[in-house]
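# Descriptive analysis of the structure
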Amino acid sequence: MNSSINHPTISTEEIIRPTRLEIDLNILAENYRQIKKHVANTKMMPILKANGYGHGLVRVAQLMQKLGADYIGVAVLEEGILLREQGVNIPILVLGGIWGNQIPHFLKHDLTITASSIEKLNQIDELAGQMKLKAKVHLKIDTGLERIGVHYYSAEKLLEATLKCRNLEVEGIFSHFANSDNLELNFTRLQLERFMEVLQFYEKHSLQFPIRHISKSGSILQMPEANLDMVRPGLLLYGVYPSQEIPHTVKVKPASTWKSLVVYFKVIKANHPVGYGLTWQSDHDVRSITVPVGYGDGYFRSMSHKAEVLLNGKRYPVIGRISMDQIVVNIEKDSAYNGDEVILFGSDGENIITVEELADWAGTIPYEILTNINTRVPRVYIE
Ligand SMILES: *Cc1c(COP(=O)(O)O)cnc(C)c1O
């Protein structure tokens, strides 16, 4: 095990916070293999944006490279540059839009650019020419999310414009689903149809298809016809399902466990309220533990009065308001000692608290639970 957080003078072993995110690289690798098996010959572009969904951008990227991933997808330029600086040398697509003077940095670091308009395409071509480099681009087609990309109904002009570019290679073409995490797939099917229509351009001109990709976790699970040439799994790779209702056709396991330790034990007397705002009290004496985690770590304050934790194989409720750095847990008549392990999400072998449960308590989606875990929480890797 080692931690990703370094302090200049204190060793990792000494400094490690009781609160940490443990990432099991073996589970992550197995999840990758399960998805790969499911999509068979389709290429894989694991999505590592937002610090690898909280799991640590560089470590996850190194693992994906080792496992033979064809591509890595990130959201912003800086994530791509960091990976290049850390020696990751497989193709990297930056999925987000580009602006201003970012293009030379893409070219310098051999990062693949999302070209989402004719204007941007020409800008890329011109700058690549000046730098005497060949830019790699993936064209972004908007089939219904209304975010970035040319609309499917005016995409032909963009595709035509690429034929005149001399300093770039259109290596891929992609779109993104707006509603593929539900059972109801009408709009997703419509988006796929729109995308396929755009792709007819290549057949019409007897051109080879670039790498065609549109599918993410939800559609990987339930729409094999959307696999095309490459899939872009994000959440599923980390072992979390985008929703409960859709078929779990790929068996994945949560790759991370959010843990802490008991740092305080006390008895709270009857009718003595707990925490800011005095929002909770008991009519009898209760035993309680304090755990050093709070909304400053990404343990959402909106989970107050709903959240539970695992301690010694049992679930206990968090009481009072979640504060910035600490929570209080009611263990009623049970015992606990300083240093006992507390699981915020994850499994202790038999019992489990899922990321999905935290999302319910917080009124959000699992994606936000994972990406919200602050950098203050050290990442510890199990290999
Ligand atoms: C985030 C993202 C994905 C991955 O989505 P999941 O639902 O996490 O699988 C795929 N493609 C694009 C363009 C994305 O932004």
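Our subject in this report is the structure included herewith. Numbering of residues starts from 1 in every chain and runs along the sequence as written. Restriction of local features to residues with pLDDT of at least 70 applies here, the model being predicted, together with a cutoff of 80 or more for giving and counting side-chain atom pairs; totals for whole chains, interfaces and linings are based on all residues. Only hydrogens and water are removed before side-chain values are computed, so all heavy atoms of the structure are retained for them.

### A word on the nonpolar core
Where we set the bar: In plain words, nonpolar cores are sets of buried Ala, Val, Leu, Ile, Met, Phe, Trp, Tyr and Cys residues tied together by side-chain atoms within 4.5 Å. The buried label goes to any residue with under 20% of its type's maximum accessible area, the exposed label to any with over 50%, and the partly exposed label to all in between, with areas taken from a 1.4 Å probe on protein chains only. Per the annotation, domain bounds derive from an automatic or database assignment of domains. The criterion used for residue contact is that any of the two residues' heavy atoms lie within 4.5 Å.
Counting residues in hydrophobic clusters, the biggest one holds 117 residues, and the most contacted among them are Tyr 299, Ile 327 and Phe 345. Composition of this core by domain shows at least three residues from each of domain 1 (42-238) and domain 2 (256-382). Filtering out sequence-adjacent residues up to four positions away, Phe 345 remains in contact with Leu 21, Ser 256, Thr 257, Trp 258, Ile 353, Thr 354, Val 355, Leu 358, Ile 369, Leu 370 and Ile 373. Ranked by size, the runner-up nonpolar core spans 5 residues in total, among them Ile 268, Val 286, Ile 319 and Val 328.

### Focus: the packing of helix 2 (residues 25-39) against helix 4 (residues 57-66)
Describing two packed helices takes the angle between their axes plus the distance from one axis to the other. Operational definition: Note on definitions: angles span 0 to 180 degrees between N-to-C directions of axes, and those axes are lines fitted to C-alpha atoms, for helices only across the stretch in contact. Helix and strand definitions here come from DSSP, where helices need a minimum of 4 consecutive H or I residues and strands a minimum of 2 consecutive E residues; each element is numbered from the N-terminal end. Angular relationships are summarised with four words: roughly parallel below 35 degrees, roughly antiparallel beyond 145, roughly perpendicular across 65 to 115, and oblique for the angles in between. Note on convention: the crossing is left-handed when the near helix lies turned anticlockwise from the far helix by less than a right angle, right-handed when the turn is clockwise. Charged means Asp, Glu, Lys or Arg here, nonpolar means Ala, Val, Leu, Ile, Met, Phe, Trp, Tyr, Cys or Pro, and polar covers whatever is left, Gly included.
Contact pair helix 2 / helix 4: the axes reach a minimum separation of 11 Å and the direction vectors enclose 50 degrees. In terms of their interaxial angle, helix 2 and helix 4 are classed as oblique. Crossing of helix 2 against helix 4: the hand is right-handed. Of the residues in helix 4, those touching helix 2 at Leu 25, Leu 28, Ala 29 and Tyr 32 are Arg 59, Val 60, Leu 63 and Met 64. Of the residues in the contact of helix 2 with helix 4, the class split is 7 nonpolar, no polar and 1 charged.

### Quick look at the site of the ligand
Counted only if it meets this: Here, proximity means that at least one heavy atom of the residue falls within 4 Å of the molecule or strand. We call two N or O atoms a polar contact when they sit within 3.5 Å, provided that within protein one can donate a hydrogen and the other can accept it, with sequence-adjacent residues counted only if both atoms are side-chain atoms. What sets the accessible areas is the Shrake-Rupley method with a 1.4 Å probe; for residues, cover comes only from the shown protein chains.
Taken together, Ile 47, Lys 49, Tyr 53, Leu 95, His 176, Lys 216, Ser 217, Arg 232, Pro 233, Gly 234, Leu 235 and Tyr 367 are the residues near the ligand. At a separation of 2.6 Å, an oxygen atom of the ligand approaches a polar side-chain atom of Tyr 53. Within the backbone of Gly 234, one N or O atom sits 2.8 Å away from an oxygen atom of the ligand. In the complex, 95% of the free accessible area of the ligand, which totals 390 Å², lies under the protein chains. Split into classes, the residues belonging to the shell around the ligand amount to 6 nonpolar, 3 polar and 3 charged.

### Concerning the side chain of His 213
With respect to the helices and strands, His 213 occurs in strand 10 (residues 211-215). The buried category is assigned to His 213, whose relative accessible area is 0%. Within polar-contact distance, the side chain of His 213 engages the side chain of His 138 at 2.9 Å. Sequence-distant contacts of His 213, that is, excluding residues within four places in its chain, are made with Met 45, Leu 93, His 138, Ile 173, Phe 174, Ser 175, Phe 195, Met 230 and Arg 232.

### Remarks on the packing of aromatic side chains
Threshold: Working definition: rings of Phe, Tyr and Trp (its six-membered ring) pair if their centres are within 6.5 Å, and the pair is stacked with planes under 30 degrees apart, edge-to-face with planes over 60 apart, and tilted otherwise. Look at NZ for Lys and CZ for Arg. If either is within 6 Å of the ring centre and within 35 degrees of the ring normal, a charge sits over the ring.
Under the defined criterion, the tally for this structure stands at 7 aromatic pairs. Through a chain of ring-to-ring contacts, the aromatic side chains of Tyr 53, Tyr 238 and Tyr 367 assemble into a single cluster. Between the NZ or CZ atom of Arg 59 and the centre of the ring of Tyr 381, over which it lies, the distance is 4.4 Å. The aromatic ring of Phe 209 is capped on one face by Arg 212, whose charged end is 4.1 Å from the ring centroid.

### Things to note about unusual backbone geometry
The phi angle at Asn 271 is positive, at roughly 60 degrees, despite the residue not being glycine. Residue placement: Asn 271 occurs in the loop between strand 13 (264-268) and strand 14 (286-291). Within the chain, His 305 stands out as a residue other than glycine whose phi angle is a positive 70 degrees. Note that His 305 resides in the loop between strand 14 and strand 15 (308-311). His 305 gets classed as partly exposed once you look at its relative accessible area, which sits at 43%.

### Side note on the pairing of strand 7 (residues 135-142)
We count it as follows: Think of it this way: DSSP has to see at least two bridges between two strands before they count as a pair. Whether a crossover is right-handed depends on one test, that the path from the first strand over the helix to the second runs clockwise when the strands point away from the viewer.
Counting buried positions along strand 7 gives 7 out of 8 residues, so the element sits mostly inside the fold. Here strand 6 (residues 112-115) runs beside strand 7; their pairing, made up of 3 bridges, is parallel. Opposite Thr 114, over in strand 7, you have His 138 as the bridge partner. Note that the unit made of strand 6, helix 7 (residues 118-130) and strand 7 has a crossover that is right-handed. With 6 bridges joining them, strand 7 and strand 9 (residues 168-174) adopt parallel strand pairing. Bridged to Ala 135 within strand 9 is Leu 168. Here strand 7 pairs with strand 8 (residues 150-151) via 2 bridges, running parallel. Within strand 8, the position partnered with Asp 142 by the bridge is His 151.

Purely geometric numbers; function is a separate question.
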